[in-house]
Amino acid sequence: MSDSSDDERVAVVLDIFPNGRSDGRHGSRPMAYALDVRDFTLKEVVFEDTPDVGMDDELVIEPPGDNVRGVYPTEYEDVSGSAQSELEYIVEELVEDEEERFVSFYNDAQPITLRLHQLNLLPGIGKKLRNTILDERKRKPFESFEDLEDRVAGLHDPVGVLVERILEEIQEDDLKYKTFVGRDEDA
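Engineer: Looking at this model, I keep getting lost on the sheet that holds strand S4 (residues 42-47). Mind explaining?
Structural biologist: Two modes of strand pairing occur in sheets, parallel and antiparallel, and in both the strands are linked by backbone hydrogen bonds. One open sheet accounts for five strands, arranged S5-S1-S3-S4-S6; its pairing is antiparallel. Of all strands in the sheet, those bounded by a partner on one side alone are strand S5 (58-62) and strand S6 (68-73). Adjacent strand axes in the sheet meet at a mean angle of 40 degrees, parallel and antiparallel pairs treated alike. In this sheet, strand S3 (residues 31-36) lies alongside strand S1 (residues 9-17) in antiparallel orientation, the contact comprising six bridges.

Engineer: Honestly, the packing of aromatic side chains in this entry has me stumped. Any pointers?
Structural biologist: Aromatic ring pairs: the centre-centre distance and the angle between the two ring planes describe each pair. In the structure shown here, the tally under the stated rule is five aromatic pairs. Ring geometry for phenylalanine 105 and tyrosine 106: centres 6.0 Å apart, planes at 70 degrees, overall edge-to-face. By relative accessible area, which is 0% here, tyrosine 106 ends up buried. Three or more aromatic residues joined by ring pairs make a cluster, and in this case those are Phe40, Phe102, Phe105, Tyr106 and Phe180.

Engineer: Explanation requested: the pairing of S3 in the structure shown.
Structural biologist: Burial of S3 is extensive: six of the six residues sit out of reach of the surface. Where burial is concerned, the two faces of S3 agree: the one with Met31, Tyr33 and Leu35 and the one with Ala32, Ala34 and Asp36 are both buried. The loop that links S3 with its antiparallel partner S4 comprises five residues; one of these, phenylalanine 40, has a positive phi angle of about 60 degrees.

Engineer: For this particular structure, what's the right way to read the nonpolar core?
Structural biologist: Side chains that are nonpolar tend, in soluble globular proteins, to be buried together. Counting residues in hydrophobic clusters, the biggest one holds 43 residues, and the most contacted among them are Leu35, Phe40, Val91, Tyr106 and Ile170. Every element with two or more residues in this core is listed here: S1, S3, S4, helix H1 (81-97), helix H2 (99-108), helix H3 (127-139), helix H4 (145-151) and helix H5 (158-171). For this core, the element with the highest residue contribution is H5, accounting for seven residues. Residues in contact with isoleucine 170, not counting those within four places in the same chain, are Leu35, Phe40, Leu42, Tyr76, Leu87, Val91 and Val181. Within the second largest apolar cluster, nine residues are counted, among which are Val13, Ala32, Phe47 and Leu59.

Rules used in this analysis
- Residues numbered from 1 in each chain as written.
- Predicted model: local features only at pLDDT ≥ 70, side-chain atom pairs only at ≥ 80, totals over all residues.
- Heavy atoms only, no water.
- Pairing = 2+ DSSP bridges.
- Helix = DSSP H or I, 4+ residues; strand = E, 2+ residues; numbered from the N terminus.
- Axes fitted to C-alpha atoms, helices over the stretch in contact; angles between N-to-C directions.
- Phe/Tyr/Trp six-rings, centres within 6.5 Å; stacked < 30°, edge-to-face > 60°.
- Buried < 20%, exposed > 50% of the residue type's maximum accessible area, 1.4 Å probe, protein only.
- Core = buried A, V, L, I, M, F, W, Y, C linked by side-chain atoms within 4.5 Å.
- Contact = heavy atoms within 4.5 Å.

See the structure below:
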């Protein structure tokens, strides 16, 4: 999905308001809700003029383009219903497009505490499945989502598991452990 350079930060537009927010928060300036591709944080992007972008388009937010007046962090509850609805599809597309990045999570996940492992944060992964993943990755690192599915009995949808966890991290402010959202590995 994204071919941006390392010094650019890209977000995917979830919803756009060419006439600004109805509450007048930024006057009548056009704005959009977007998802940061790198760390899955939600952004409110305010423009100088009506932008030439639509839903699902990529937008450079750092450094801000000529038409970008400001980029502000926002919470899940504060974005539009349309943006909330679009979120699952965008996250799934990002995970599929960046397969190497997310397969490496399965290869590199570590214990968080003596009793909790990063893999256990993923929905549906308990002790038995976690141990199977750990045993298989010791034999040979996973190369793809298909490889994961083939080698780990019981892990039928490694993409869906990741998407579900990322959405949970986006939606829940008070999660104790966040593995994907707000953790900028390139910073």
